[in-house]
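Commentary on secondary and tertiary structure
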Amino acid sequence: MPMIADEAEAVDLGLDWTAGFSTLGPAFFTELRPTPLPEPYWVGRSLALAREIGLEEACLESDDGLAAFTGNVPVAGTRPLASVYSGHQFGVWAGQLGDGRAILLGQTASGWELQLKGSGRTPYSRMGDGRAVLRSSIREFLCSEAMQALGIPTTRALCVTGSDAQVVREEIETAAVVTRAAPSFIRFGHFEHFAAANRLDELRALADFVIDRFYPACRDSERFGGNAYAAFLEAVSERTAALLAQWQAVGFCHGVMNTDNMSILGLTIDYGPFQFLDGFDPRHICNHSDTGGRYAYNQQPNVAYWNLFCLAQALLPLIGDQEIAVAALQSYKTVFPEAYEARMRAKLGLPGAAPDDRALIEGVLKLLAQEKVDYTIFWRRLADRQAGGDPAAVRDLFLDRAGIDAWLQSFAQRHEQVPAAQAAQSMRGANPKFVLRNHLGQQAIESAQKKDFSGVATLLALLKTPFEDHAGHEAYAGFPPDWASTIEISCSS
Ligand code: AMP
Ligand code: MG
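As a convention, each chain's residues are numbered from 1 in the sequence order in which they are written. Written order decides the labels, with chains lettered from A and ligands numbered from 1. Only residues with pLDDT of 70 or above have their local features reported here, since the model is predicted, and side-chain atom pairs are shown and tallied only from 80 upward, although totals for entire chains, interfaces and linings are computed over all residues. Side-chain metrics in this entry use all non-hydrogen atoms of the structure; hydrogen atoms and water are not considered.

What counts is decided by this rule: UniProt positions are given in the numbering used here, feature names are shortened, and annotations may be inferred rather than shown by experiment.
Named according to an unreviewed UniProt entry, the protein chain is Protein nucleotidyltransferase YdiU originating from Variovorax soli. The UniProt entry for the protein chain carries this comment under Sequence similarities (unreviewed entry): "Belongs to the SELO family."

**Describing the nonpolar core**
What counts is decided by this rule: Joining through side-chain atoms within 4.5 Å is the link that ties buried Ala, Val, Leu, Ile, Met, Phe, Trp, Tyr and Cys residues into a set, and such a set is a nonpolar core. Only protein chains enter the accessibility calculation, which uses a 1.4 Å probe; a residue is then buried when its area is under 20% of its type maximum, exposed when over 50%, and partly exposed in between. Per the convention used, a helix needs a DSSP run of H or I reaching at least four residues, while a strand needs a run of E reaching at least two, with both numbered from the N terminus. Contacts are assigned to residue pairs with any non-hydrogen atoms lying within 4.5 Å of each other.
Ranked by internal contacts, the top residues of the largest apolar core, which has 130 residues, are F191, F232, I264, L368, F378, L382 and W407. With 14 residues, helix α8 (residues 228-250) is the largest single contributor of residues to this core. Sequence-distant contacts of W407, that is, excluding residues within four places in its chain, are made with L348, L360, G363, V364, L367, F378 and L382. In terms of nonpolar packing, the next biggest core, distinct from the first, is built from 30 residues, V11, I53, A67 and V133 among them.

**Here's the deal with the coordination of the magnesium ion (ligand 2)**
Note the cut-off: Because water is not among the atoms used, a metal site may look incomplete, as its donors are only the N, O and S atoms within 2.8 Å, or 3.2 Å for Na, K and Ca.
Around the magnesium ion (ligand 2), the protein contributes the donor atoms N261 (OD1) and D270 (OD), at 1.9 to 2.2 Å from the metal centre. The residues N261 and D270 share a single accessibility class, namely buried.

**As for the UniProt feature "active site" (unreviewed entry) in the protein chain**
Per the UniProt entry, the sites bearing "active site" (unreviewed entry) are D260 in this numbering. Position of D260 relative to the elements: it lies in the loop between β12 (252-253) and β13 (275-276). Of the residues examined, D260 reaches a relative accessible area of 6% and is grouped as buried.

**A few points about the domain arrangement of the protein chain**
Definition in use: Domains are outlined according to an automatic or database domain assignment. Accessible area that two parts lose when put together, evaluated with a 1.4 Å probe and summed over both, is termed the buried area. What makes a salt bridge here is a side-chain nitrogen of Lys or Arg within 4 Å of a carboxyl oxygen of Asp or Glu, nothing more.
By domain assignment, the protein chain separates into domain 1 (7-182), domain 2 (188-342) and domain 3 (350-428). Taking only C-alpha atoms into account, the centre of domain 2 sits 32 Å from that of domain 3. In this assembly, 13 residues from domain 2 lie in contact with 10 residues from domain 3. At the boundary of domain 2 with domain 3, total buried surface from both sides reaches about 920 Å², with 57% on carbon and sulfur atoms. In terms of surface lost to domain 3, no three residues of domain 2 exceed F280, Y340 and E341, which account for 56% of the buried area on that side. Our count for the domain 2 to domain 3 interface comes out at 1 salt bridge.

**Quick look at the UniProt feature "binding site: Mg(2+)" (unreviewed entry) in the protein chain**
The following threshold applies: We define a polar contact as two N or O atoms separated by no more than 3.5 Å, with the added condition that, inside protein, one atom must be a possible hydrogen donor and the other a possible acceptor, whereas residues neighbouring each other in sequence contribute only through side-chain atom pairs.
Mapped onto the present numbering, the UniProt feature "binding site: Mg(2+)" (unreviewed entry) falls on N261 and D270. For N261, the location among the structural elements is in the loop between β12 and β13. On the basis of relative accessible area, N261 is assigned to the buried category, the value being 9%. When sequence neighbours within four positions are dropped, the list of residues in contact with N261 reads R187, H254, V256, I269 and D270. Only 3.0 Å separates the side chain of N261 from the backbone oxygen of V256, close enough to count as a polar contact. One can find D270 in the loop between β12 and β13. Accessibility expressed as a relative area gives 13% for D270, which makes it buried. One polar contact links D270 to R187, side chain to side chain, over a distance of 2.9 Å.

Pasting the structure below:
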């Protein structure tokens, strides 16, 4: 029970809270309060998400909101907790991990869980300090909101608050807290945790909780002889496949696809050393700590499948039959290529499928890889060209003029069956002009470190409407500067 003193100082955010994850019971979490940070200040806020959650915008300007979202005062109606999970990190079983620096405030009646990341130590912090640095918090905040605007399933970010409190990483940095939001933060690793300990009652309770809330159709599914847990595994595999197709198509590298960073809802989660590709290099490794390239861009679809195998292993006691569990994973192998091709066809402005589309897609990717052509700029220029823009702009990106000319010819032939205006419009809606490139994030971070937060706000505004032209902001859509390739993003955050 909260103490009377807590209730007196608690801040009312005007949200209705309801019991969600906490109904699972104490085996799944530890209740605790965030650790306050001195003299917090606002760094960034997403009014778009505030509206979706039903939070008064004034809360993202008020002192009460600032204190609440930094974890400095309790939020009325909430009982904060940190959850326990385990996971495979870089292909190796890592044992117990858990929310080492994230504290779940609770779930709103409208179905949003709100979590404070960087809000202090928890029983699952292990050697960590429970904090997140300003740099990585800004990256997570911007990318969460950018992915949503790109139409890619993701956890969201409501705001970032900062403090001058020092945090030791490779260098001394300052602390920040990101308020994340999602229908659920449950990861593959939550299931692995209880399966590894052979705690089958908890494993079943967890699966039932997720199925009832997020995959109710699995209960009535006739797939796998009415085995709801197998249907659930299949549904997670399909959502994960759809997610990976989106990542690959937009050129997003996650960087740390450990099983504890895989959402059971198929959301992008845990933004660490992620990167949007600049030049198209299928073998690109965005995480400086990933020396073996396990999580290279072109490995992501296979790694997701590997992670699903870990989930299948964890669910096996509930599914009860290894062959059924393996069968439930198979949909990944059909859904991923189908979803990927559909995304790429959208980028190409092709409404329906034709037999040679795969060759068209592979052909252009080969050309892009050959010269590491800028991935985002290529696609946007192709869209602009289709809309009547400069035809040379695409060609000029390639040294191999004969190669791109030949490809553009087959592209034009394929487009003979597609109304031009329709193609142009859909291509501009499928090929963003603005993505969160490392150097753009870096510039906003460096200004924010000097207490100028306008760069974060400008970038957020562009990333929230990434398919629009935004005249006057061309620099944000340009080629990365030479120094961009020297930015090293590691797991340190
Ligand atoms: P990540 O690689 O960021 O997904 O983190 C892996 C695990 O380490 C998770 O259990 C995190 O909660 C935990 N962790 C990462 N950084 C910290 C930190 N600074 N303090 C406490 N736990 C952390
Ligand atoms: Mg993580």
